[in-house]
Every structure is written in C-alpha cells, then in structure tokens.
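Coordinate inspection notes
Take a look at the letters that make up each chain.
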Amino acid sequence: MSLVVVPVRYPLTKHSRRTLERAIDVAREREAALTILHVDLYQNGKKVTRIDLKNAVERAFGQLENARYVVRTGFLVEESILDEVAAESADAVVIGSKQASRIRRIFQRFTDNPDIDRYLRSHLDCEVITVESARA
C-alpha cells in the first residue's frame, strides 16, 4: 500500500486544515495510507500527544481510515518532516506552500541544488504536493 505523509500544526490552523483536506483527498484517490505528522520543537517545550493530534483531526474531518498519527520531537520542523518521509518510504508528501519554501531554504544551505521536489523524487522516490495558502 502506498503512503501519503502530511505535516500539520497543532492546534490545527486554517492552513493546516486545507493541507490536511488535500492530503485526505490524495490518499483516497490513491487508496493509500495516511500519516498525519506534527513536530514538537524542543525549544518550545510543548508536549503534544498522538491522542491530542488524533482528536483534533477527527473533530475537523471525522474518523479517517488507514490514518496513522505521529508526533516527532526535533529542532527543525523541516528536518523532522524529511526524516519521517525517508523512514516511512512515503510515496507522496503534502505540504503547505510556506513549509515548502522553508524546506527549500534549508536545502540551499546544504546543497547547491535547492530543488526539493527533484531531490525527494530522486533520493527518496517521493512526490511533493504543495497546497497554496488560503487567500484572505
């Protein structure tokens, strides 16, 4: 079964809901499992549990089949997202446009090729689906 990973903020923001809604659609279209990921930053000192995340998502979208809820702790959200994508051999990652631009900036620091989409496809065989921010 293929896997779609979607990183979200907790509590769910308007943009996280849009991104999650797109990820749910992608997972259904592909009959894929869905990993809903939240990253707790060490420096923030907050502790979000898998149950907190699951309850928030289910309040917004109802119970999801083939969904797994993951809370990682890290220093950089973007690095934790890439770790999860690699560890789970995800087929697709659905991220918000702001997150995508932050990941691209991090890549520019470490490589002369900031093309995150191409990197993920070539190194991890993972498609990147970007969701634009809601316009006010």
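As shown above, the structure is provided for reference.
Residue indices follow the written sequence of each chain, beginning from 1 at its first position. pLDDT decides what is reported in this predicted model: residues at 70 or higher carry local features, side-chain atom pairs at 80 or more are listed and counted, and totals for whole chains, interfaces and linings draw on all residues regardless. With hydrogens and water set aside, each side-chain value is computed from the structure's full complement of heavy atoms.

**Brief notes about the packing of helix H1 (residues 14-30) against helix H2 (residues 50-61)**
- Running from N to C, H1 and H2 cross one another at 75 degrees; their axes reach a closest spacing of 12 Å. The orientation of H1 with respect to H2, classified from their angle, is roughly perpendicular. The residues of H2 that touch H1, namely those facing Arg-17, Leu-20, Glu-21 and Ile-24, are Val-57, Ala-60 and Phe-61. To get an axis, fit a line to the C-alpha atoms, keeping to the stretch in contact for a helix; angles then go from 0 to 180 degrees between the N-to-C directions. Helix and strand definitions here come from DSSP, where helices need a minimum of 4 consecutive H or I residues and strands a minimum of 2 consecutive E residues; each element is numbered from the N-terminal end. Oblique is the label for any angle not under 35 degrees, not over 145, and not in the 65 to 115 range, which are roughly parallel, roughly antiparallel and roughly perpendicular in turn. Two residues form a contact once any of their heavy atoms are found within 4.5 Å.

**Here's the deal with the packing of aromatic side chains**
- Working definition: rings of Phe, Tyr and Trp (its six-membered ring) pair if their centres are within 6.5 Å, and the pair is stacked with planes under 30 degrees apart, edge-to-face with planes over 60 apart, and tilted otherwise. This model, assessed by the stated rule, comprises one aromatic pair.
- Ring geometry for Tyr-42 against Phe-75: centres 4.6 Å apart, planes inclined by 45 degrees, an arrangement best described as tilted. Residue Tyr-42 is located in the loop between strand S2 (33-41) and H2, and its partner Phe-75 is located in the loop between strand S3 (67-74) and helix H3 (77-87); the two are separated by 33 residues in the primary sequence.
- Overall, Tyr-42 belongs to the partly exposed group, its relative accessible area being 47%. Three labels apply to residues, based on accessible area from a 1.4 Å probe with only protein chains included: buried if under 20% of the type maximum, exposed if over 50%, partly exposed otherwise in between.

**Notes on the pairing of strand S1 (residues 3-7)**
- Within S1, five of the five residues are buried, which leaves the element mostly enclosed by the surrounding structure.
- Residue alternation in S1 divides its side chains into two sets, Leu-3, Val-5 and Pro-7 and Val-4 and Val-6, and both sets are buried.
- Note on pairing: DSSP must find at least two bridges between two strands before they are called paired. Of the strand pairs in this sheet, S1 and S2 are connected by five bridges, and their pairing is parallel. Counted as the bridge partner of Pro-7 is Leu-37 from S2.

**What about the side chain of Asp-40?**
- If you trace the backbone, Asp-40 turns up in strand S2.
- Only four residue types enter the tally: Lys and Arg on the positive side, Asp and Glu on the negative side, with His and both chain ends excluded. Each reported salt bridge corresponds to a side-chain nitrogen of Lys or Arg within 4 Å of a carboxyl oxygen of Asp or Glu. The buried charged residue Asp-40 lacks any salt bridge, with Lys-47 as its nearest oppositely charged partner at 5.5 Å.
- Contacts of Asp-40, omitting those with residues within four sequence positions, involve Lys-46, Lys-47, Val-48, Val-71, Arg-72, Thr-73 and Gly-74.

**Considering the sheet that holds S1**
- If you trace the five strands from one edge of the open sheet to the other, you get S3-S2-S1-S4-S5, paired in parallel fashion. Strands with a single pairing partner mark the edges of an open sheet, and in this sheet they are S3 and strand S5 (127-131). Strand-to-strand twist of the sheet, defined as the mean angle between neighbouring strand axes without regard to direction, takes the value 25 degrees.
- Its contacts with the sheet put H2 on S2 and S3, and the angle it makes with S3 is roughly 130 degrees.

**Concerning the environment of Ala-86**
- Locating Ala-86 in the fold gives a position in helix H3.
- Assessed through its relative accessible area of 37%, Ala-86 is described here as partly exposed.
- For the pair formed by Ala-86 and Cys-126, sequence separation is 40 residues and the distance between their alpha carbons is 8.8 Å.

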